[in-house]
Amino acid sequence: MAPSSDVTKFQSILQKSRHIIAIAGAGLSAASGIPTFRGSDGLWLNYTLSDLATPRAFRKNPSKVWQFYHYRREIAGKALPNPAHIALALFSQPDQRKEIAPDAEFTLITQNVDGLSVLCSQMLFPSTDPPIIEMHGRLFETLCTQCGDRMPNRDSPICPALAGTEELVKSHAKERQIPLEDLPRCPKCRGLLRPGVVWFEESILHDEEISELVDQADVALVIGTSSRVAPANLFAHSVAERKGTVAVFNTEPQGIGSAHFYFPGPCEQTLPRVLLGKEPDKMNGILQQD
Ligand code: BJW
Ligand code: ZN
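Small disclaimer: the values here were computed from a predicted structure and weren't measured.

(A) Region of interest: the overall build of the chain. When helices and strands are counted, the chain shows 13 helices and 9 strands. Here the chain has a C-alpha radius of gyration of 19 Å; the compact-globule value for 290 residues is 19 Å, and the two agree. Across its three principal directions, the C-alpha atoms of the chain cover 60 × 40 × 35 Å. Looking at the chain as a whole, 52% of its 290 residues are labelled buried. In the chain, the proportion of contacts linking residues at least 24 apart, taken out of those at least 6 apart, comes to 72%. Accessible surface computed for the chain: about 13,900 Å², of which carbon and sulfur atoms make up 50%. Within the chain, one finds 29 positive and 33 negative side-chain charges whose respective centroids are separated by 4 Å.

(B) Quick look at the nonpolar core. The biggest cluster of nonpolar side chains holds 38 residues, and the ones touching the most others in it are F10, I20, L124, L221, I223, F249 and L271. If you tally residues by element for this core, the top one is helix α7 (residues 83-91), at 7 residues. By size, the runner-up hydrophobic cluster in this structure holds 31 residues, among which are L43, A57, Y71 and W199.

(C) Highlighting the pattern of salt bridges. Using the criterion set out here, one finds 10 salt bridges in the structure. When the shortest N-O distance is used, the salt bridge between R56 and E201 registers 3.9 Å. Here the residue R56 occupies a position in helix α5 (residues 55-60), and E201 occupies one in the loop between β6 (193-197) and α10 (207-216), the gap between them amounting to 145 residues. Two residues, E134 and R138, come together in a salt bridge whose shortest N-O distance is 2.4 Å. The exposure class of E134 is buried, given its relative accessible area of 7%. Note on R138: relative accessible area 37%, which makes it partly exposed. Ionic contacts of the salt-bridge type, sharing partners, join the residues E134, R138, E141 and R150 into one network.

(D) Quick peek at the coordination of the zinc ion (ligand 2). Distances from the zinc ion (ligand 2) to its protein donors, C144 (SG), C147 (SG), C186 (SG) and C189 (SG), fall within 2.3 to 2.4 Å. Considering all 4 donor atoms around the zinc ion (ligand 2), the spread of angles at the metal, 97 to 116°, places the coordination shape in the tetrahedral class. According to the relative accessible area criterion, C147 is partly exposed, its value standing at 40%.

(E) Structural context of the packing of helix α1 (residues 7-16) against helix α12 (residues 267-276). Packing of α1 against α12 leaves a shortest axis separation of 9 Å and a crossing angle of 55°. Overall, the two elements α1 and α12 adopt an arrangement that is oblique. Of α12, the residues touching α1 (which contributes V7, F10, Q11 and L14) are R273, V274 and L275.

(F) Quick look at the site of ligand 1. Residues in close proximity to ligand 1 total 32 residues, the closest being Y69, R72, T225, S226 and Q254. The contact in question runs from an oxygen atom of ligand 1 to an N or O atom on the side chain of T225, over 2.6 Å. A distance of 2.7 Å separates an oxygen atom of ligand 1 from a polar backbone atom of A230. For ligand 1, the accessible surface in isolation is 1,500 Å², of which the surrounding protein chains cover 75%. Every element with two or more residues in the shell around ligand 1 is listed here: α2 (27-30), α6 (62-78) and α12.

(G) Structural detail: the sheet that holds strand β9 (residues 261-264). Pairing within the open sheet is parallel, and its 6 strands lie in the order β3-β2-β1-β7-β8-β9. Two strands in the sheet have a free side with no partner beyond their single neighbour: β3 (132-134) and β9. Pairs of neighbouring strands in the sheet enclose a mean axial angle of 15°, with direction left out of account. Where strand β8 (residues 245-250) lies against β9, 4 bridges are found, and the strand directions are parallel. Bridge pairing in β9 links V248 to Y262. Sitting on the sheet, α1 is in contact with β1 (19-24), β7 (219-223), β8 and β9, with an inclination near 125° to β9.

(H) Region of the structure containing the packing of aromatic side chains. Evaluation of the coordinates by the stated rule reveals 12 aromatic pairs. Each ring, one from Y47 and one from F68, has its centre 5.4 Å from the other, and the planes form 55°; the classification is tilted. Here Y47, found in the loop between α3 (43-46) and α4 (49-52), pairs with F68, found in helix α6; they are 21 residues apart in sequence, far enough to count as distant. Residues Y47 and F68 agree in their burial class; the two are buried. Aromatic pair F249 and F263: ring centres 5.1 Å apart, planes at 35°, arrangement tilted. Of the two residues, F249 is situated in strand β8 and F263 in strand β9; the sequence distance between them amounts to 14 residues. Judged by its relative accessible area of 0%, F249 falls in the buried class. The structure contains a cluster of three or more aromatic residues connected by ring pairs, namely F37, W44, Y47, F58, F68, Y69, Y71 and W199. A cation sits over an aromatic face here: R154 above F140, 4.0 Å from the ring centre.

About the thresholds
Residues numbered from 1 in each chain as written. Chains lettered and ligands numbered in written order. Predicted model: local features only at pLDDT ≥ 70, side-chain atom pairs only at ≥ 80, totals over all residues. Heavy atoms only, no water. Helix = DSSP H or I, 4+ residues; strand = E, 2+ residues; numbered from the N terminus. Rg over C-alpha atoms; globule rule 2.2 N^0.38 Å. Buried < 20%, exposed > 50% of the residue type's maximum accessible area, 1.4 Å probe, protein only. Contact = heavy atoms within 4.5 Å. Areas by Shrake-Rupley, 256 points an atom, 1.4 Å probe, with all protein chains shown as cover. Lys, Arg positive; Asp, Glu negative; His and termini not counted. Charge placed at Lys NZ, Arg CZ, Asp CG, Glu CD. Core = buried A, V, L, I, M, F, W, Y, C linked by side-chain atoms within 4.5 Å. Salt bridge = Lys/Arg side-chain N within 4 Å of Asp/Glu carboxyl O. Donors = N, O, S within 2.8 Å, 3.2 Å for Na, K, Ca; no water. Tetrahedral: all angles 85-135°; square planar, octahedral: opposite > 155°, others 65-115°. Axes fitted to C-alpha atoms, helices over the stretch in contact; angles between N-to-C directions. Parallel < 35°, antiparallel > 145°, perpendicular 65-115°, else oblique. Near = heavy atom within 4 Å. Polar contact = N/O pair within 3.5 Å; in protein donor to acceptor, adjacent residues only side chain to side chain. Pairing = 2+ DSSP bridges. Phe/Tyr/Trp six-rings, centres within 6.5 Å; stacked < 30°, edge-to-face > 60°. Lys NZ or Arg CZ within 6 Å of the ring centre and 35° of its normal.

What follows is the structure, given as structure tokens:
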């Protein structure tokens, strides 16, 4: 049966729900100016995935991989949360969702590495710990290839040798050949640092916590993801198999295989309406006031 787009019907399910999860992807941050991976302007159409987002690629050419992630850090570092992040941050607060989902717990499981969901919650609710799991890691974290230390890092540029290379990546020019010793190094052991993100063939972060949440969820919101990458694309199926409700928020009818609801359109417009009954243009004002 084709999924329904009936907001009232979906909200009546939220009323009775106990454990809601949201599984988010790059579409959540698209309105913040962060490129998606597989869309018409997607990163993987313009750059070769196997050269950039695998452990082997980093071992082969850490200079090239760092230049790509430096470019991504420069974009994400200047980006601001959009109304979709704001709607989710508000919905994360029990008092804000008490009319719509009074008995439910809520966790956002995001594949995004831009940190915008956490930033948004910190801006709006600085004294609460946001219920957000960043399963593919963080652009603004480094991981030491020698001692394994994971550290937050928002430096721009992260090391002098990367300064300006974002322009080369942006214009698809040949990257610079940066000597290993000039790439980001661990302040503790001087080992080579890598971006703190999860590449293909690597295990996702927080997998046990995520499994527990998926196993108990009675509603899954699938937001702005093509549902092409495992294991994130399996979570909603698992909820549907246990007779839970799946609602997809996407500009394209992607990943709606097991969906009961599909809310077409940009999630920065659909999420405020469906989750909060608010018009999206009221959302930016919320961030500016605080
Ligand atoms: C909007 C919108 C708007 C736009 N509003 N909507 C064969 C060999 C090796 C591995 C595998 C294999 N076959 C399968 C695998 C497993 C692999 C995988 O799934 N591969 C597939 C591609 C085939 N997965 C993994 O390897 C994962 N680990 C794992 O499985 O461990 C077990 C294992 C161990 C050893 C060997 C094999 C398995 C790890 C996956 C890590 C993914 N990493 C990346 C890069 C992160 C760092 C970085 O950012 O560079 O994560 S890849 C990239 O894809 C990124 C994303 O998080 C992820 C998902 O993409 P997402 O978010 O869905 O974005 P898009 O662009 O695809 O979609 C955007 C959507 O938004 C579209 O639908 C638009 O319509 C929509 N949209 N604007 C609403 N305004
Ligand atoms: Zn180290």
